[in-house]
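# Structural description and commentary
Listed here are the chains, written in short residue letters.
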Amino acid sequence: EVQLVESGGGLVQPGGSLRVSCAASGFTFSSYGMSWVRQAPGKGLEWVSAINNGGGGELYAVPVKGRFIVSRDNGKNMLYLQMNGLKPEDTAVYYCAKSNASHYDYWGQGTQVTVSS
């Protein structure tokens, strides 16, 4: 059974940093690209970042480019998102998602990130 479990969310002040993690199981993690997607209160899903199966090819949405860093550890089946210079508009539930060709076939339950003073 495929499982994706996010952790590491919380409350952080503007300008602060936070790292969210995604523990993957039930599939060959190193064979699939992964993404982070977020949903702000009252808004739709927004793609944030992606990384290929080997840990390269990082891509970022314009609002987070230069502030967020995506990485993965295939030996530990872990995906990470290091978020720096956080802004109130980064407040959202952050989901990790497993890529399968042109779509995401599995999602985690999400972790809440709140940026507020």
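Quick caveat: nothing in here was measured; it's all calculated off a predicted structure.

### Notes on the packing of aromatic side chains
- Enumeration over the complete set of coordinates arrives at four aromatic pairs.
- Both rings, one in Tyr95 and one in Trp107, keep their centres 6.3 Å apart while their planes meet at 80°; by these two values the pair is edge-to-face. Of this pair, Tyr95 sits in strand E9 (residues 92-100) while Trp107 sits in strand E10 (residues 103-107); the two residues are twelve residues apart in sequence, bridging distant segments of the chain.
- What links up through ring pairs into an aromatic cluster is the set Phe27, Phe29 and Tyr32.
- The ring of Phe27 has Lys98 sitting right over it, with the charged end atom 5.4 Å from the ring centre.

### Quick word on the state of the cysteines
- Inspection of every chain in the model, using the stated rule, returns one disulfide.
- Put simply, Cys22 and Cys96 are joined by a disulfide, and their sulfur atoms are 2.0 Å apart. The sign of the S-S torsion, about 55°, decides the handedness of the disulfide formed by Cys22 and Cys96: right-handed. Taken together, the positions of Cys22 in strand E3 (residues 18-25) and Cys96 in strand E9 put the pair 74 residues apart, joining distant regions of the chain. Exposure class is identical for Cys22 and Cys96. Each is buried.

About the cut-offs
Residues numbered from 1 in each chain as written. Predicted model: local features only at pLDDT ≥ 70, side-chain atom pairs only at ≥ 80, totals over all residues. Heavy atoms only, no water. Phe/Tyr/Trp six-rings, centres within 6.5 Å; stacked < 30°, edge-to-face > 60°. Helix = DSSP H or I, 4+ residues; strand = E, 2+ residues; numbered from the N terminus. Lys NZ or Arg CZ within 6 Å of the ring centre and 35° of its normal. Disulfide = S-S within 2.5 Å. Buried < 20%, exposed > 50% of the residue type's maximum accessible area, 1.4 Å probe, protein only.

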